[in-house]
Every structure is written in structure tokens, then in C-alpha cells.
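Here's the letter readout for the chains.
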Amino acid sequence: NAGVTQTPKFQVLKTGQSMTLQCAQDMNHNSMYWYRQDPGMGLRLIYYSASEGTTDKGEVPNGYNVSRLNKREFSLRLESAAPSQTSVYFCASSEAGWGYGYTFGSGTRLTVV
Amino acid sequence: GENVEQHPSTLSVQEGDSAVIKCTYSDSASNYFPWYKQELGKGPQLIIDIRSNVGEKKDQRIAVTLNKTAKHFSLHITETQPEDSAVYFCAASPQNGNRLAFGKGNQVVVIP
């Protein structure tokens, strides 16, 4: 049982380049989330998808777009990367509704130069 | 929305001693409180959680206590070991929501 799988694990982009971070879960979870983690800032929510077919903005959505491709997959796209988007990105999933913990992926370390 | 704060930001303990991390939350409607452990280079992992109808929960060397009146909950690690060194995140979730609000994390260092 793989849980939450993120690809790639590492990426270096030049300013202005675009890329898509991929996330897939095999636990039949309804909700999926994208977070970024920066030193001293904790985990900040970028976008989430409460269920297949829906997406909503989190705390820091600017510069990002998402797609809930199907129940398993939730991708994060950077259309024009900026140095401020240098971060570690985590995808997570959970059962829908209240009272369920999240399962996190192992993260994507992104550097924008 | 819910605001979760963690204290202290860094905690150093001698191996074998106990460690306690406290979190406070702002939304009295929050009813679910998980704790996550993040080891270096890995994603956060759920280690224990508690719901508001319970005051304390234990799992081997870790325990969580909840004080709903004061709106705080704490993680207790007994007989600390070097492998307990990590960043610990607390979170809270209101009953009518499906998103967790996370604290900023505590760095726990266990000194051999």
C-alpha cells in the first residue's frame, strides 16, 4: 500500500518556467490537499479538493493552479515560477468530513533560480 | 477561522527524560486534534489524535491531553529516545469543517 505518492522528489526551475507537481493516493480518500513548507512558517495550505470535481483556494494560492484529475490524482501547476516559490511541497489526502487525519506524501523539494 | 499556536518552538531534552509540547486553539467549535511527527527529509506522519469527548489518550510512550475549557492540548513523550528527535505539528479541526489548521511546529531534540 503506497499511500500518497508525489513526483518528482526534487526539481530545479529557472524563473519563468512552468511545471506540474503530481500527486496520487491509493486509499480511496475523498479529500486532497497541497501544502508548502518554508522555514519558520509551518505548513501553509495552497489549494484543496474536498471531493472529486471540486477545488478551493487555501491560504497562499497566488501563482498556483490545481486540477483534480480523478479521485486518485491531484496536481499542482506553477505557470511561471518565481524564486518566492522555492519551497518543499507536500500533498496530503484524507477521508471527507470531520475527524480524520491526513496522510502526507514524502514531498517535492523545488528550487527556482 | 481556527488559529493554532505551539509552544515552545524548540525543546531540548536529555535522553530518558519527558518532553511536553503545548498547543492552544481559538475556535471553541474544534473537536478533533491530531499530532504529526516530521523527521528530516520526510513528510509529516500522524502519531496520535484525540477527539473532544475524551480528555486523554495514550499510545505506548506518547499521550495527548485536552483541556476544552482552556482551549489547549498537549503532547507528552515519556522516556525519550534519540529517534524522537523531529519536528512535531499539532492541528485542530472544527466539527463543521474538513480542513485542519496546523500550528507552526516544534523542534524536539533528544540529547544522548
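Residues numbered from 1 in each chain as written. Chains lettered and ligands numbered in written order. Predicted model: local features only at pLDDT ≥ 70, side-chain atom pairs only at ≥ 80, totals over all residues. Heavy atoms only, no water.

### Examining the environment of Lys71 of chain B
Residues and elements named next belong to chain B. Within the secondary structure, Lys71 sits in the loop between β7 (62–67) and β8 (72–77). For Lys71, a relative accessible area of 27% corresponds to the partly exposed category. Spatially, the C-alpha atoms of Lys71 and Leu46 are 21 Å apart, while their sequence positions differ by 25 residues. The residues contacting Lys71, other than those within four sequence positions of it, are Cys23, Thr24, Tyr25, Ser26, Asp27 and Ser28. (Helix = DSSP H or I, 4+ residues; strand = E, 2+ residues; numbered from the N terminus. Buried < 20%, exposed > 50% of the residue type's maximum accessible area, 1.4 Å probe, protein only. Contact = heavy atoms within 4.5 Å.)

### Structural notes on the sheet that holds strand β8 (residues 74–78) of chain A
Residue and element names in this part refer to chain A. Here four strands make up an open sheet; going across it, the order is β1-β3-β8-β7 and the pairing antiparallel. Looking at which strands have only one partner, the edges of the open sheet turn out to be β1 (4–7) and β7 (64–68). Across the sheet, the mean angle from the axis of one strand to that of its neighbour is 15°, orientation sign disregarded. Strand direction decides the pairing type here: strand β3 (residues 19–25) and β8, joined by three bridges, are antiparallel. Note that in β8 the partner of Thr20 across the bridge is Arg77. (Pairing = 2+ DSSP bridges. Axes fitted to C-alpha atoms, helices over the stretch in contact; angles between N-to-C directions.)

### So, unusual backbone geometry
Residue Pro8 of chain A follows Thr7 of chain A across a cis peptide bond; omega there is -5°. Assignment of secondary structure puts Pro8 of chain A in the loop between β1 and β2 (10–13). At Glu79 of chain B, a residue that is not glycine, the phi angle is positive and equals roughly 45°. Tracing the backbone through its elements, the reader meets Glu79 of chain B in the loop between β8 and β9 (86–94).

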